[in-house]
Amino acid sequence: MSEENNISNAVKTLSAKIEKEYTEYIGEVKSSASEYAFTTGKQDIDYTISHAYEIAIKNEINLTIHYNAEKHLTEEQISVLLGCENTLDEIYKEWIETDTADLADLISCAAKVADDISASAPTPFYFNSGGRK
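Conventions adopted
- Residues numbered from 1 in each chain as written.
- Predicted model: local features only at pLDDT ≥ 70, side-chain atom pairs only at ≥ 80, totals over all residues.
- Heavy atoms only, no water.
- Salt bridge = Lys/Arg side-chain N within 4 Å of Asp/Glu carboxyl O.
- Helix = DSSP H or I, 4+ residues; strand = E, 2+ residues; numbered from the N terminus.
- Buried < 20%, exposed > 50% of the residue type's maximum accessible area, 1.4 Å probe, protein only.

Looking at the pattern of salt bridges
Reasoning step 1: Inspection of the entire model under this criterion finds 6 salt bridges.
Reasoning step 2: K17 serves as the salt-bridge partner of E21, at 2.4 Å between the closest nitrogen and oxygen. Taken together, the positions of E21 and K17, both in helix α1 (residues 3-40) and 4 residues apart, correspond to about one turn of that helix.
Reasoning step 3: Its relative accessible area of 9% is what places E21 among the buried residues.
Reasoning step 4: Using a relative accessible area of 18% as the deciding quantity, one classes K17 as buried.
Reasoning step 5: Taking the shortest distance from any N to any O, the salt bridge between D116 and K112 comes out at 2.8 Å. Note that D116 and K112 are positioned in helix α6 (residues 106-120) at a spacing of 4 residues, about one turn of the helix.
Reasoning step 6: By relative accessible area, which is 36% here, D116 ends up partly exposed.
Reasoning step 7: Owing to a relative accessible area of 38%, K112 belongs among the partly exposed residues under this scheme.
Reasoning step 8: Three or more residues joined by partner-sharing salt bridges are found here, namely E54, K58 and D89.

See below:
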């Protein structure tokens, strides 16, 4: 299989992972909204509205990865993002820290998350080679 096919398959896997995380997040918001309504006596829409920005940006991250990851992320960055416990949350946190309103920066946030994780990862120790690579 060619390297291009490998990247394309990795992007599809990453896109599916983020789509799943987004769907789970929306389910959590719905569940929390119902709980909020039950415990406070206020309408659950109040809770949902208070999370509207996060919902919108996480949806944009989902779409950005789906349509732009293959063009703008390296194979290593895609691999690192696949290894994240919650990629969507990590990219969202970076977006908030970046403090920009330009949605085109979302893919840069994804790249930065991957690069930061790679930079903080310990160098693997290879027993057969006698040390670190």
